[in-house]
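So you can see what is in the structure, the chains are spelled out below.
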Amino acid sequence: MTFDSGIRNPQSATRNLLEKPFRRRDLLGIRDLTAAEIIGILDTAENFSEISTREVKKVPALRGKTVINLFFEASTRTRTSFELAAKRLSADAVNISVSSSSVSKGETLLDTAMNLDAMAPDCIVVRHSSAGVPHQLAKVSKAAIVNAGDGANEHPTQALLDAMTIREHKKQIDGLEVAIVGDILHSRVARSNIHLLTKMGAKVRVAGPGTLVPEDFRHLVENGLEVCTHVEDAIEGADVVMILRIQRERQDAAYFPSLREYSIHYGLTNERLDLARKDAIVLHPGPMNRGIEIASEVADSSRSLILDQVKYGVAVRMAVLYLATGGATVNG
Amino acid sequence: MQLLISNGHLIDPAENQNSGKNLLIEDGKVAAWLGPNESVPDDAEVFDASGLIVAPGFIDMHVHLREPGQEHKETIASGCAAAVAGGWTSVCPMPNTNPINDNAAITRYMIEQAERAGLANVFPIGAITKSSDGAELAEMGEMKAAGAVAVSDDGRPVPNAGIMRRAMQYARDFDLPVIDHCEDKSLSSGGVMHEGRISLLLGLKGMPALAEDIDAVRDIILAKDTGAHIHIAHVSTMGAIEAVRRAKNEGINVTCEVTPHHFTLTDKAVEGYDTNTKMAPPLRSQEHLEAILAGIKDGTIDVIATDHAPHHADEKSLEYDRAPFGITGLETAVGLAFNELVHKGLIDLVRLVELCSTNPARIFKLTGRGSLTPGSVADVTIIDPDLVWTYKNSDSRSKSKNSPFDSRQFTGASVATIVGGRMVYRRQEKSILVDHPRTTPATIAGVVI
């Protein structure tokens, strides 16, 4: 009996992940990956993306595998995306939302992880408001750990789905100019994207208020990253404009005087977007604050690929879960 | 009872002593230095220190012993056991106990607990302000009378310059050094590691070096104004070290200490999010580490102190953001000093003894300590510079195991610790490079492996 795993050529991707110096195939961040590994994941995701267009959106690739979505921080889109990805591959998916105050009940982070681990999941997808939690779990867990966003550190599947979106529209990432605008300091999306895009040969320019774009960011990666004082300098000539969400709660910390002033000086308007290349595309990790970091006419224009990002998110997470849980043996 | 430490190499910087001498101890005091050919009492116990360094007892100016109030982390007895195993004959606990050591009763209690343990000497540091709240001055005079040797609000540095000025004016009258953990929390609050490339890379909130620089400069200006003695605790930044260097040249009464972890590790150690790399001040970047090494070499830095800060494993098993600041340090300090300073040729053994004994005794005015001149207290640290050994958290005598140096190999160790003439610690491992026959001393007390 044969079945269609939805994979045309899984070997190229899995081989690279298998070469990682880990016991398991954790995905803790883009920073740890090589360009070849990134391409491998994107290729696998491309092969998987077709499944979501079928009448019956399910393949048995991960049948019998268990995926736990362990979310210490509220999330609708990312959690749904991971859940759908697991289910479309026939894995059993369990969602757990843990209040980060569980420690006050006497249980440490590692207690929580080890209790879940004792139930023998194949993969734990973790999101947490503190940077490094996936790395801490990976040290004690037998399951593969996939980072779904940790504090201001990384959000690797977001960067992968952004890359997939860019690849679909620009064919290749190498040589592109990408502007990332907004709260770089607190953004895990920005960090993962900076790592991914520069590893893949793009030139990245970041811009935003000086309070949210520290000068030291220049040294974050060895090549390909520039810090701009003015948003216009970052956007000028860009192939891709990536807008970050302004987290309103940061207002209390007074990183900038008002949302009004932010939208005037840093918001992506049609006028600012006109500085980019004519065929430039616009990405936003969502959820958007319309009229603040992005004008509605930009968000709703044909250049905005925000819904494509969400669509590719499922395919990227299918690929990541597949590779992380040893799905490579399905066809082998 | 007489104890003869024979054939050792005696280093006592206070006496310009740096050669082979036999040290005779009697009734808890140093009785005499004897040349190789001078006759020794027949009935003295003999400790053969051939190939070993004999130094005045090391004094750790900065520890946290957690008693009273947090005995699940450490007690005065367990902390003192770790101290003598690490070569420290005296330790000076910070006042951030529960309740805070801001009055003579707590100060006395700490000293009594140390006497019960019978291992290391404990010289408490009292609080600057009541409850270390930074508002009202604590009873410094009473604490001094009870045995306190300095005042500090350590981890909760006095934020208000006016109150700090008053504290210095008041402490000066009692001849008490004021120790400050320099950190302007308006700049560092919420931070968990050094602010720089690595904090940006790891997505952790940074504590900028200038938070330390600004507070150090403030304190130096206040010390100049008041004439008080300011001692900067665990100095970790280029800016603070430069400020101390300039102040010393100007004749201001300022001294400072450095921790072994700050002269060994950089913020790169935080990659991997091991909470045993989280402490305040944080591990700094390479340029700061180089400034620290330069400060140790040129004498700007006066003292090596551990900032031994035990925390229970459950507390350190939290998210990096939420885990408490601090690591243990009593048992790794001498090993780190050898690995990073002595064997790399940065300092010689005389300077090491100055940093760990002579200077701490001078700064805290510990009469009869920090030197082995005849008549002084027989606190002795005996060191094997060639001993190769591996530190294991699981072997630590501290109640807490939160050291980032687990499984690190060292060349150089304290091998015997004598407090008040009693041998309170003796290491089992023998140097694998030099084989010294040793006799077993009869006077062994306390925790001995």
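Residues numbered from 1 in each chain as written. Chains lettered and ligands numbered in written order. Predicted model: local features only at pLDDT ≥ 70, side-chain atom pairs only at ≥ 80, totals over all residues. Heavy atoms only, no water.

**Q** Please provide a residue-by-residue account of the overall build of chain B, values included.
**A** Secondary structure summary: chain B contains 13 helices and 19 strands in total. Relative to the 2.2 N^0.38 estimate, which gives 22 Å for 449 residues, the radius of gyration of chain B is 21 Å and therefore close to what a compact globule would have. Seen along its three principal axes, the alpha-carbon backbone of chain B occupies a region of about 65 × 50 × 45 Å. Counting all 449 residues of chain B, 63% fall into the buried class. Summarising the internal contacts of chain B: among those between residues at least 6 apart in sequence, 74% fall at separations of at least 24. Summing over all exposed atoms, chain B offers an accessible surface of approximately 15,200 Å²; the carbon and sulfur share of this is 49%. (Helix = DSSP H or I, 4+ residues; strand = E, 2+ residues; numbered from the N terminus. Rg over C-alpha atoms; globule rule 2.2 N^0.38 Å. Buried < 20%, exposed > 50% of the residue type's maximum accessible area, 1.4 Å probe, protein only. Contact = heavy atoms within 4.5 Å. Areas by Shrake-Rupley, 256 points an atom, 1.4 Å probe, with all protein chains shown as cover.)

**Q** A description of the overall build of chain A should follow, citing residues and the corresponding values.
**A** Helix and strand content of chain A: 12 helices and nine strands. Across the 332 residues of chain A, 59% fall into the buried class.

**Q** So, the interface of chain B and chain A: which residues are in play, and what are the values?
**A** The partner chain A presents 26 residues to the 20 residues of chain B that form the contact. Scanning the region where chain B abuts chain A turns up zero salt bridges. Across the contact surface, chain B and chain A share eight residue pairs in polar contact (both at pLDDT 80 or more). The dominant element in the side of chain B that touches chain A, judged by the number of residues it contributes, is helix α6 (residues 197-202) of chain B, at four residues. Considering only residue class, the side of chain B that touches chain A consists of seven nonpolar, five polar and eight charged. (Salt bridge = Lys/Arg side-chain N within 4 Å of Asp/Glu carboxyl O. Polar contact = N/O pair within 3.5 Å; in protein donor to acceptor, adjacent residues only side chain to side chain. Nonpolar A, V, L, I, M, F, W, Y, C, P; charged D, E, K, R; others polar.)

**Q** How would you sum up helix α5 (residues 133-140) of chain A? Please name residues and give values.
**A** Residues and elements named next belong to chain A. Burial within α5 is extensive, with six of its eight residues counted as buried. If you check which residues of α5 are buried, you get Val133, Pro134, His135, Gln136, Leu137 and Ala138. In this structure, the buried residues of α5 make contact with β1 (66-71), α4 (109-117), β3 (123-128) and β4 (144-150).

**Q** Talk me through the environment of A:Ala143; I want residue IDs and the actual numbers.
**A** Within the fold, A:Ala143 resides in the loop between α5 and β4. C-alpha separation for the pair A:Ala143 and A:Asp122, spaced 21 residues apart in sequence, amounts to 4.9 Å.

**Q** Report on the domain arrangement of chain A, specifying residues and quantitative values.
**A** All names here are of chain A. Split into domains, chain A comes out as domain 1 (10-154 + 312-325) and domain 2 (156-309). Computed over C-alpha atoms, the centres of domain 1 and domain 2 are 25 Å apart. Every contact between the two is made by 33 residues of domain 1 and, on the other side, 26 residues of domain 2. Counting each side, the surface lost to burial between domain 1 and domain 2 is near 2,400 Å², with a carbon and sulfur contribution of 63%. In terms of surface lost to domain 2, no three residues of domain 1 exceed Ile30, Leu42 and Tyr312, which account for 30% of the buried area on that side. (Domains from an automatic or database assignment. Buried area = accessible area lost by both parts, 1.4 Å probe.)

**Q** Mind laying out the confidence of the model for chain A, listing which residues take part and the relevant values?
**A** Per-residue confidence for chain A gives a mean pLDDT of 88, with 87% of residues at or over 70. Long-range and interchain partners of residues 1-24 of chain A, a stretch whose pLDDT sits below 50, account for 50 contacts in this model, where long-range means more than four residues apart. (pLDDT = per-residue confidence, 0-100.)

**Q** I'd like a rundown of the domain arrangement of chain B, residues and numbers included.
**A** All names here are of chain B. Here the domain parsing of chain B yields domain 1 (2-54 + 377-445) and domain 2 (57-363). Between domain 1 and domain 2, the C-alpha centre-to-centre distance is 26 Å. In this assembly, 37 residues from domain 1 lie in contact with 48 residues from domain 2. If you sort the residues of domain 1 by the area they bury against domain 2, Lys399, Asn402 and Phe405 come out on top, with a joint share of 19%. Scanning the region where domain 1 abuts domain 2 turns up zero salt bridges.

**Q** How would you sum up the nonpolar core? Please name residues and give values.
**A** Formed by 102 residues in total, the largest nonpolar core has its most connected members in B:Ile5, B:Leu23 and B:Ile382. Taken together, domain 1 (2-54 + 377-445) and domain 2 (57-363) of chain B each give at least three residues to this core, which thus spans both. Within the second largest apolar cluster, 77 residues are counted, among which are A:Met164, A:Phe217, A:Val316 and A:Leu323. (Core = buried A, V, L, I, M, F, W, Y, C linked by side-chain atoms within 4.5 Å.)

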